[in-house]
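Chain by chain, the residues:
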Amino acid sequence: TMYRTGLGGYVAITGMYIGISVLYWMLFAARTWKLGRAFGHMTPAETFAHFYGKKWVGYVLAALLIATLIPYIQAQIMGISYLLKVATGDRVSFQFGTTLVYTLMIFYVFMGGLRAVAWTDTMQGLLLLGGVVVGAVLVSSAAAGGPVETFTKVLKSQPELLTLPGPGTAWPWAYLLSWVIPVGLGWPMQPQMWLKMHIPRSVTYIRLWPVWVTISFPLVMGAAFLTGMTGQVVMPGLVEREATDTVMITMLLEYFPPVVGGLVAAAGLAAMMSTVSSQIHSVGASFARDFLAQWFPDQAAHKQVWLARVAV
């Protein structure tokens, strides 16, 4: 997105996370955590059904949230497959890459549940921060003379990439705001994000969550922006989605030994796996808590766990 639309992509994505989602968490995350502790809520459907006093509200909301997660999961899996395909020089096919990574994620979520998601998220998050940021600087330095030189070259050759609304009016302000506000409010409402508001042992951590997001996301998205602009300097004119989505790994493999490209590819893979593992876990949890636990309220806890695993 940064490669194709320039500054508008950075403003939209960073504005979404920082401006809207962080505001949401500042206002509601601690309250959501307290409600969960008071009433045993874990999913959005449980909270809303309890608030309105109507079970059908929970059923409808849970079904809608699960249905909207399915294409989101598919999009991440496609990204993983593209990355593996390019990183291995077409040795790993789209179908095999999809099957391999999805099977791995289902296995560790099946075995470890939310604890597995939390630990893998932590490791993948560190890899993402290190790999993407360091990788962006390395690529920019090797291919275009460094970050300052990269932006100087873009400013001379394609200044529209560093302004709004961007090339071909990609991000006019009316579109930008109408995209950022609903997406920014919708992201915290996704089941996997809602579940994460209930993970901490202390409400203190939840209060610090917006601070961490405010620090980390501009850094990661800034690295993506730098990578996109480096791609425009080195490989201008790419139009196919697969080519623009894999521009970083393509440049790394050209300018660095395969081990460096592999580490940065792993960082990109970590970002997508982190999202998908949380999502498939939340689908299983929602199915077990929002449907089965409501239909069979006297069900033993270990049976609920196994049914959630089957749903995953």
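As the structure is a prediction and not an experimental result, all values here were calculated from the model.

*Asks:* Could you give an account of the pattern of salt bridges, with specific residues and numbers?
*Replies:* Under the counting rule described, the total for this entry stands at four salt bridges. With its nearest N and O atoms 3.1 Å apart, the salt bridge here joins Arg 289 to Glu 46. Taken together, the residues Arg 289 in helix 12 (residues 258-295) and Glu 46 in helix 3 (residues 44-52) connect sequence positions 243 residues apart. One salt bridge in this structure joins Lys 196 and Asp 121, with 3.0 Å as the shortest N-O distance. Of this pair, Lys 196 sits in helix 8 (residues 191-196) while Asp 121 sits in helix 5 (residues 94-144); the two residues are 75 residues apart in sequence, bridging distant segments of the chain. Take Lys 196: its relative accessible area is 21%, and that puts it in the partly exposed class. We classify Asp 121 as buried; its relative accessible area is 15%.

*Asks:* Any chance you could break down the packing of helix 4 (residues 55-87) against helix 5 for me, citing the residues and the numbers?
*Replies:* Describing two packed helices takes the angle between their axes plus the distance from one axis to the other. It is the contact of helix 4 with helix 5, at a shortest axis distance of 8 Å, that shows an interaxial angle of 120°. Compared by their axis directions, helix 4 and helix 5 come out oblique. The handedness of the crossing between helix 4 and helix 5 comes out as right-handed. Counted together, Ile 73, Ile 77, Met 78, Ile 80, Ser 81, Tyr 82 and Leu 84 of helix 4 and Phe 94, Gly 97, Thr 98, Val 101, Tyr 102 and Met 105 of helix 5 form the full contact between these two elements.

*Asks:* Got a sec to walk through the packing of aromatic side chains? Specific residues and values, please.
*Replies:* For any pair of aromatic rings, the description rests on two quantities: the centre-to-centre distance and the angle between the ring planes. Per the counting criterion, the structure on display carries 18 aromatic pairs. Relative to Phe 225, the ring of Tyr 10 has its centre 5.7 Å away and its plane inclined at 20°; by these criteria the two rings are stacked. Of this pair, Tyr 10 sits in helix 2 (residues 7-39) while Phe 225 sits in helix 9 (residues 203-234); the two residues are 215 residues apart in sequence, bridging distant segments of the chain. Geometrically, the ring pair formed by Trp 25 and Trp 209 is stacked, given 4.8 Å between the ring centres and 20° between the ring planes. Placement of Trp 25 in helix 2 and of Trp 209 in helix 9 is noted, with a sequence separation of 184 residues between them. Here the two residues Trp 25 and Trp 209 agree in accessibility, since each one is buried. An aromatic cluster of three or more residues is present, and its members are Tyr 17, Trp 25, Trp 187, Trp 209 and Phe 217. Over the ring of Phe 110 we find Arg 309; its NZ or CZ atom is 5.5 Å from the centre of that ring. When the ring centre of Trp 306 is taken as reference, the NZ or CZ atom of Arg 309 above it lies at 4.7 Å.

*Asks:* Any chance you could break down the side chain of Thr 244 for me, citing the residues and the numbers?
*Replies:* On the secondary structure map, Thr 244 appears in helix 10 (residues 241-245). Of the polar contacts made by the side chain of Thr 244, one reaches the backbone oxygen of Arg 241; its length is 3.1 Å. Residues in contact with Thr 244, not counting those within four places in the same chain, are Tyr 3, Arg 4, Leu 238 and Val 239.

*Asks:* Got a sec to walk through the environment of Val 133? Specific residues and values, please.
*Replies:* Here Val 133 shows up in helix 5. Here the alpha-carbon distance between Val 133 and Gly 40, two residues 93 residues apart in the chain, equals 39 Å. Sequence-distant contacts of Val 133, that is, excluding residues within four places in its chain, are made with Leu 128, Leu 219 and Ala 223.

Conventions adopted
Residues numbered from 1 in each chain as written. Predicted model: local features only at pLDDT ≥ 70, side-chain atom pairs only at ≥ 80, totals over all residues. Heavy atoms only, no water. Salt bridge = Lys/Arg side-chain N within 4 Å of Asp/Glu carboxyl O. Helix = DSSP H or I, 4+ residues; strand = E, 2+ residues; numbered from the N terminus. Buried < 20%, exposed > 50% of the residue type's maximum accessible area, 1.4 Å probe, protein only. Axes fitted to C-alpha atoms, helices over the stretch in contact; angles between N-to-C directions. Parallel < 35°, antiparallel > 145°, perpendicular 65-115°, else oblique. Left-handed = near helix turned anticlockwise from the far one by under 90°. Contact = heavy atoms within 4.5 Å. Phe/Tyr/Trp six-rings, centres within 6.5 Å; stacked < 30°, edge-to-face > 60°. Lys NZ or Arg CZ within 6 Å of the ring centre and 35° of its normal. Polar contact = N/O pair within 3.5 Å; in protein donor to acceptor, adjacent residues only side chain to side chain.

Coordinates in, geometry out; function isn't part of it.
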